[in-house]
Amino acid sequence: MVLDGGLATELERRGHDVSGPLWSAEVLRTNPEAIEQLHYDYFAAGARCAISASYQASFEGFAAAGLDAAETTALLCRAVELARSARVRYRRDHPAKRPLYVAASIGPYGAISHDGAEYRGDYGLSVGQLIEFHDRRFGILAGAGADLLACETIPVLDEARALVALLAQHPDAPAWMSFTTPDGVHTSHGEPLIECARLLDREPNVIAVGVNCVKPEVVGAAIRALKAGTGKAIVVYPNSGEHWDGQTRDWHGSCDHGSLASLAPQWVRDGARLVGGCCRIGPQEIAALDAALL
């Protein structure tokens, strides 16, 4: 299955300001039509699954922007509804096309700090504290009408443990969990990926385990590490190869937009079953990916 690409970075490329701490969640407030159109464009590029614009949306982040709990709840639900609306519109325009899905994004605790903590995992929080952080948002997104949950960009094993505990409270909510990794072998915090895979292998409503927002060159190693610990499907959606600097709030390093399409066929041969893109990957790259995997 081909997934979509980056949301905030593509919105930025289209002229929207995502420089603040709410990132794409700011556009969710101010220009939801732009998000719906981007979901539509990813479907048109060949993606079969749209990931909602709820990654950076949290009660804490919106409270800092002056929104109350009711407004935050409405925006979380709106994020899922925009992806569903894009699917309805695309199906209306292309009635004979293949099935399409919507995943509700559940970003990591590190996303609220807007300093790159999702690539470090140095939270200093217990599993219980992470459960408390995720609980309210998790419940809303689990009931918002998405087909599944995308628990993504997880840098530390304890956060996966917290999300597993919340999944147990929502047994009808299928989910994938994807980690960040600097080397394809360890999480960003340093735990072996095989240990993450073993933890999730016994969870009934985890349908896939993988990595996202990582350099394309580490994906092959990550697939091997994860397959050694689980028989579940493998999901991979790397970024363009550039590195996000939380201090300068900018992307650094070389970008190879062609690497996704060129490397993905081997990832599929190695065992990946869901493949897409993350930051700095747009509809053009997803269209090339889809063509490469036909």
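The paragraphs below set out a description of the structure included in this document. Numbers given for residues are sequential positions, taken from 1 along each chain in its written order. Local features are withheld for residues below a pLDDT of 70 in this predicted model, meaning they are given only at 70 or higher, and side-chain atom pairs are given and counted only at 80 or more; totals for whole chains, interfaces and linings count all residues. Excluded from the side-chain calculations are hydrogens and water; all other atoms, namely the structure's heavy atoms, are used.

What about the packing of aromatic side chains?
Here is step 1: Each pair of aromatic rings taken from Phe, Tyr and Trp, with Trp reduced to its six-membered ring, is defined by centres within 6.5 Å and is described as stacked if the planes are under 30 degrees apart, edge-to-face if over 60, and tilted in the remaining cases. Counting across every chain of the model gives 5 aromatic pairs.
Here is step 2: Considering the side-chain rings of tyrosine 109 and tyrosine 123, the 5.0 Å spacing of their centres and the 65 degrees angle between planes classify their relative orientation as edge-to-face. With tyrosine 109 in the loop between β2 (101-106) and α6 (127-142) and tyrosine 123 in the loop between β2 and α6, this pair connects stretches of sequence that are 14 residues apart.
Here is step 3: Only protein chains enter the calculation, and the probe is 1.4 Å; a residue is then buried if its accessible area is under 20% of its type maximum, exposed if over 50%, and partly exposed in between. A residue is classified by how much of its surface remains accessible, and tyrosine 123, at 14% relative accessible area, is buried.
Here is step 4: Within the aromatic cluster, the residues linked to one another by ring pairs are Tyr40, Phe43 and Tyr90.
Here is step 5: The ring of tyrosine 40 carries the charged tip of arginine 89 above its face, separated from the ring centre by 4.1 Å. Strands here mean DSSP runs of E at least two residues long; helices mean DSSP runs of H or I at least four residues long; both are numbered from the N terminus. A ring is considered to have a charge above it if a Lys NZ or an Arg CZ atom is located within 6 Å of its centre and within 35 degrees of its normal.

Observations concerning helix α5 (residues 69-93)
Here is step 1: A helix's residues, less one, multiplied by 1.5 Å, set its expected span. With 25 residues, α5 should reach 36 Å at 1.5 Å per residue; the first-to-last C-alpha distance of 36 Å fits that figure.
Here is step 2: Contact between two residues is taken to exist if any of their heavy atoms lie within 4.5 Å; hydrogens are not considered. Those residues of α5 hidden inside the fold are in contact with α2 (24-30), α3 (32-45), β1 (49-51), α4 (59-64), β2 and α6.
Here is step 3: What qualifies as a polar contact is a pair of N or O atoms within 3.5 Å, subject to a donor-acceptor requirement within protein and to the restriction that residues adjacent in sequence count only when both atoms come from side chains. A distance of 3.2 Å separates the backbone nitrogen of alanine 70 from a side-chain oxygen at the start of α5, and that oxygen is part of aspartate 68.

Notes on the side chain of threonine 230
Here is step 1: Positionally, threonine 230 belongs in the loop between α9 (219-227) and β6 (233-237).
Here is step 2: Looking at threonine 230, the relative accessible area reads 8%, which means it is buried.
Here is step 3: Filtering out sequence-adjacent residues up to four positions away, threonine 230 remains in contact with Ala197 and Asp201.

Describing the nonpolar core
Here is step 1: The criterion is simple. A nonpolar core is a set of buried Ala, Val, Leu, Ile, Met, Phe, Trp, Tyr and Cys residues joined through side-chain atoms within 4.5 Å. In terms of nonpolar packing, the biggest core is built from 94 residues, with Leu149, Cys151, Trp176, Met177, Val236, Trp267 and Ile286 touching the most fellow members.
Here is step 2: Sorting elements by how many residues they give to this core places α5 first, with 8 residues.
Here is step 3: The next biggest cluster of nonpolar side chains, apart from the first, holds 5 residues, and it includes Ala117, Leu130, Val156 and Ala162.

Structural notes on the packing of α3 against α5
Each pair of packed helices can be described by the angle between their axes along with the distance between the axes.
Here is step 1: The axes are straight lines fitted to the C-alpha atoms, using for helices just the contacting stretch, and the angles between their N-to-C directions are given from 0 to 180°. α5 packs onto α3 with a crossing angle of 45 degrees between their chain directions and a minimal axis gap of 8 Å. The orientation of α3 with respect to α5, classified from their angle, is oblique. For the element pair α3 and α5, the recorded crossing hand is right-handed. Here Pro32, Ile35, Glu36, Gln37, His39, Tyr40, Phe43 and Ala44 of α3 come into contact with α5, specifically with Arg78, Leu82, Ala83, Ser85, Ala86, Arg87, Arg89, Tyr90 and Asp93.
Here is step 2: Residues of the contact of α3 with α5, tallied by class, amount to 9 nonpolar, 3 polar and 5 charged. For classification purposes, an angle smaller than 35 degrees is called roughly parallel, one larger than 145 roughly antiparallel, one from 65 to 115 roughly perpendicular, and anything else oblique. A clockwise turn of the near helix away from the far one marks a right-handed crossing, whereas an anticlockwise turn of less than a right angle marks a left-handed crossing. Polarity classes work like this: nonpolar for Ala, Val, Leu, Ile, Met, Phe, Trp, Tyr, Cys and Pro, charged for Asp, Glu, Lys and Arg, and polar for all others, with Gly in that last group.

Keep in mind that these numbers describe shape and distance, not what the molecule does.
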